[in-house]
Amino acid sequence: MSHISVLFVCLGNICRSPTAHAVFQSMVDKQGLSDHILIDSCGTGDWHIGRAPDPRSQHHALMRGYTMNNLRARGVGHSDFDQFDYILAMDSQNLVDLEAMRPNDFNGELGLFLNFCRHPHFTEYSDVPDPYYGGSQGFSLVLDLIEDASLELLRQIKERL
Ligand code: 4NP
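Peer 1: Would you mind going over the packing of aromatic side chains in detail, with residue names and values included?
Peer 2: Applying the stated criterion to the full structure yields four aromatic pairs. On the numbers, 5.3 Å between centres and 85° between planes, the contact of Phe81 with Phe106 is edge-to-face. Within this pair, whereas Phe81 is found in helix H3 (residues 80-83), its partner Phe106 is found in the loop between helix H4 (92-101) and strand E4 (109-112), the two being separated by 25 residues in sequence. Comparing Phe81 with Phe106 shows no difference in burial state: the two are buried.

Structure (structure tokens):
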């Protein structure tokens, strides 16, 4: 079996991408694939570097059984394009920022994470709405979208392992 690496990217790396990191890690762990799939997350902005995920994200994740208090925010770097097979943006602006950094020789997959959504309720979404300035429903929707996209991402990666 080979190895595949996945980087989830949002703006602050304290709400959406650490949630994707924790949810996808949990699915990978449950399937016994953690030695084969490496997961990380980061942000395009630098305001929250070194901080734990937003307590509201942690709370909503924990209600579904995901722990993310071990994660710390970091900024995206050029070396990420050397290290990751999939670089998945939480929204279209994150993708614009990543495309601007993309080296010509990057052979991995750079795209929107929600392109992996398959549930009919969620296929209309292309962006994970930023929950930072909103209420608790926003954090719950982040989890719904991320859980759905993670299922298909994992299915596709398993075919490549
Ligand atoms: P995230 O959410 O990109 O999902 O981590 C945000 C967190 C912080 C800010 C914006 C979005 N902020 O402007 O500080």
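Peer 1: Before we move on, could you go through the site of the ligand and cite the residues and values that matter?
Peer 2: Close to the ligand lie Cys10, Leu11, Gly12, Asn13, Ile14, Cys15, Arg16, His48, Asp130, Tyr132 and Tyr133. With respect to the ligand, the backbone of Gly12 contributes an N or O atom lying 2.8 Å from an oxygen atom. Within the contact set of the ligand, an oxygen atom lies 3.3 Å away from a side-chain nitrogen or oxygen of Asp130. Isolated, the ligand exposes 350 Å² of accessible area, and the fraction of that covered by the protein chains is 92%.

Peer 1: Explain the nonpolar core to me, using residue names and the numbers behind them.
Peer 2: One finds Val6, Phe8, Phe24, Ile37, Phe113 and Leu153 to be the most contacted residues of the largest nonpolar core, which totals 34 residues. Broken down by secondary-structure element, the contributors of at least two residues to this core are strand E1 (4-10), helix H1 (16-30), strand E2 (37-43), strand E3 (86-89) and helix H5 (136-160). It is H5 that contributes the most residues to this core, eight residues altogether. With residues near it in sequence (within four places) discarded, Phe8 still touches Ser17, Ala20, His21, Phe24, Ile39, Asp40, Ser41, Cys42, Leu88, Met90, Phe113 and Leu153.

Analysis parameters
As a convention, each chain's residues are numbered from 1 in the sequence order in which they are written. pLDDT decides what is reported in this predicted model: residues at 70 or higher carry local features, side-chain atom pairs at 80 or more are listed and counted, and totals for whole chains, interfaces and linings draw on all residues regardless. Side-chain measures here rest on the full set of heavy atoms in the structure, leaving out hydrogens and waters. Only rings of Phe, Tyr and Trp enter the pairing, Trp through its six-membered ring, and a pair is recorded when the two centres are within 6.5 Å. The plane angle decides the type: under 30 degrees is stacked, over 60 is edge-to-face, the rest tilted. Elements are defined by DSSP. Helices are runs of H or I of four residues or more, strands are runs of E of two residues or more, and each kind is numbered from the N terminus. Burial status follows relative accessibility: with a 1.4 Å probe on protein chains alone, a residue under 20% of its type maximum counts as buried, one over 50% as exposed, and anything between as partly exposed. We call a residue near a given molecule or strand whenever any one of its heavy atoms falls within 4 Å of it. Definition of a polar contact: a pair of N or O atoms within 3.5 Å, with one able to donate and the other able to accept a hydrogen when the atoms are protein atoms, and with sequence-neighbouring residues admitted only if both atoms are side-chain atoms. Here, Shrake-Rupley sampling with a 1.4 Å probe gives the accessible areas, and only protein chains in the shown set may cover a residue. Residues enter a nonpolar core if they are buried and are Ala, Val, Leu, Ile, Met, Phe, Trp, Tyr or Cys, with the set joined through side-chain atoms within 4.5 Å. The contact criterion used throughout is that any non-hydrogen atoms of two residues lie within 4.5 Å.

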